Amino acid sequence: MKIIKKILVFLLVVFVVMQFFGPDKNEGNMAAIDAFIADTNPPSDVHDIFKNTCFDCHSDVTRYPWYNKITPVNYWMADHVKDGKKHFNVSAWESYSVKKKDHKLDELIEMVEAKEMPLPSYTWTHGDAKLSDDQIKAIVDWAKNVRSSYSLKPKAD
């Protein structure tokens, strides 16, 4: 029984020490999002959906909940955001070619229609991020409209 207590005390000490360390936060400049908004011109309802459900993981500006201060949750969230930005990063929108923008919006449509985005792990803690059918339709209609405007532009790689 003494060995179990020693192991538990050791694990507790390790857990407490870990709280003093954490990953870098994803706290960039909102101006990077402005380029995406200016280029794609979403209506206010779609902009609000993006703000409440997408920007945290798909931009350089993340709103962190209180529990992000707890290790190992903060590492899990940092990895989640890094992965989200790898697939779709509105903060990098200005650097994308027209062809890449079109492709990213095509993927967005596919993921939202399939209800794969936002991820269930996000909506568990952000109940307002769960998209209704009307919100899905608004996003899809907007993205298709933006894609059609990109079809008129030259698609250099």
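Residues numbered from 1 in each chain as written. Predicted model: local features only at pLDDT ≥ 70, side-chain atom pairs only at ≥ 80, totals over all residues. Heavy atoms only, no water.

Q: Explain the packing of helix α3 (residues 44-53) against helix α8 (residues 133-150) here, please?
A: Axes are the key here: two packed helices are described by the angle between their axes and the distance separating the axes. The geometry of α3 relative to α8 is characterised by a closest axis approach of 10 Å and an angle of 105 degrees between their N-to-C directions. Between α3 and α8, the crossing angle belongs to the class labelled roughly perpendicular. Here α3 contributes Asp45, Val46, Ile49 and Phe50 to the contact with α8, which in turn contributes Gln135, Ala138, Ile139 and Trp142. Grouping the constituent residues of the contact of α3 with α8 by class yields 6 nonpolar, 1 polar and 1 charged. (Axes fitted to C-alpha atoms, helices over the stretch in contact; angles between N-to-C directions. Helix = DSSP H or I, 4+ residues; strand = E, 2+ residues; numbered from the N terminus. Parallel < 35°, antiparallel > 145°, perpendicular 65-115°, else oblique. Contact = heavy atoms within 4.5 Å. Nonpolar A, V, L, I, M, F, W, Y, C, P; charged D, E, K, R; others polar.)

Q: I'm lost on the packing of aromatic side chains in this one. Help?
A: Here a ring pair, both rings aromatic, is described through the centre-centre distance and the interplanar angle of the planes. If you walk through the whole model with that rule in mind, you get 8 aromatic pairs. Arranged with centres 5.0 Å apart and planes meeting at 90 degrees, the rings of Phe36 and Trp93 form a pair that is edge-to-face. Of the two residues, Phe36 is situated in helix α2 (residues 31-40) and Trp93 in the loop between α5 (73-87) and α6 (98-113); the sequence distance between them amounts to 57 residues. Judged by relative accessible area, Phe36 falls into the buried class, the value being 0%. When its relative accessible area of 0% is taken as the criterion, Trp93 is described as buried. Here the aromatic residues Phe36, Phe50, Phe55, Phe88, Trp93, Tyr96 and Trp142 are joined through ring pairs into a cluster of three or more. (Phe/Tyr/Trp six-rings, centres within 6.5 Å; stacked < 30°, edge-to-face > 60°. Buried < 20%, exposed > 50% of the residue type's maximum accessible area, 1.4 Å probe, protein only.)

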